[in-house]
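Fold and geometry: a report
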Amino acid sequence: MAMEGLGRLFNVVPQANGVHIPLKNAGGVTFICFEDDGSQIVTLKESADGLSEQNLAVISKVYKGPGVGGVWTKVTQNAAATFDLADDTANDAIAIYVSASQLSDGFNCVELTNDGGNPVIAIIHDLNTQRKPELLARSVV
């Protein structure tokens, strides 16, 4: 019997806005953000176990798309700690990938904050250790 995706390929934090996501046991995290009117500003920070936060200026590529599915469009910018979708009513969702290798030395967590408390889902993937979903390590600090 094949092992499920949860625990083998990924772990999920369904309400990840402003939450410290540890990457010490994963290759990276993809944040999925949604705002019904397409206007959202996200900020990325890194921390050491949730402490000593500092901006993480690695957002250079973002994918935007309709909230109900459709085509993703790549948006590029100079590396920054923020991304502003502006008023893009055709594209309500954004996806941002952060690799564990992008964190500064001594930092092991990443946090994305979406303005106004808008929904954020964190998909932690490329897990170093595969296990049953009920045996996954805690996914927030």
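The structure reproduced in this document is the subject of the present report. (Residues numbered from 1 in each chain as written. Predicted model: local features only at pLDDT ≥ 70, side-chain atom pairs only at ≥ 80, totals over all residues. Heavy atoms only, no water.)

Ranked by size, the top nonpolar core spans 28 residues in total, and within it Ile21, Val29, Phe31, Leu44 and Val110 carry the most contacts. Secondary-structure elements contributing two or more residues to this core are β3 (26-34), β4 (41-48), β6 (59-65), β9 (93-99), β10 (109-114) and β11 (120-127). Every residue in contact with Val110, bar those within four places of it in the chain, is listed here: Val19, His20, Ile21, Leu23, Val29, Phe31, Leu44, Lys45, Glu46, Leu56, Val98 and Leu103. (Core = buried A, V, L, I, M, F, W, Y, C linked by side-chain atoms within 4.5 Å. Buried < 20%, exposed > 50% of the residue type's maximum accessible area, 1.4 Å probe, protein only. Helix = DSSP H or I, 4+ residues; strand = E, 2+ residues; numbered from the N terminus. Contact = heavy atoms within 4.5 Å.)

Taken as a whole and judged by the stated rule, the model has 3 salt bridges. Across the pair Glu53 and Lys45 runs a salt bridge, and its minimum N-O distance is 3.7 Å. For the salt bridge of Asp88 with Lys64, the shortest nitrogen-to-oxygen distance reads 2.9 Å. On the criterion of sequence distance, the pair formed by Asp88 in the loop between β8 (82-84) and β9 and Lys64 in strand β6 is long-range, its members being 24 residues apart. Across the pair, Lys64 and Asp88 agree in class, each one buried. (Salt bridge = Lys/Arg side-chain N within 4 Å of Asp/Glu carboxyl O.)

Tracing the backbone shows Ile59 in strand β6. For Ile59, a relative accessible area of 1% puts it in the buried group. Note: C-alpha distance between Ile59 and Phe31 (28 residues apart in sequence) is 12 Å.

Along the chain, the position of Thr30 falls in strand β3. Residue Thr30 is classed as buried on the basis of its relative accessible area of 18%. A distance of 2.7 Å separates polar atoms of two side chains, one belonging to Thr30 and the other to His125. In this structure Thr30 touches Ala95, Ile96, Tyr97, Ile121, Ala122, Ile123 and His125, once residues within four positions along its chain are discounted. (Polar contact = N/O pair within 3.5 Å; in protein donor to acceptor, adjacent residues only side chain to side chain.)

So yeah, pure geometry; function would need other evidence.
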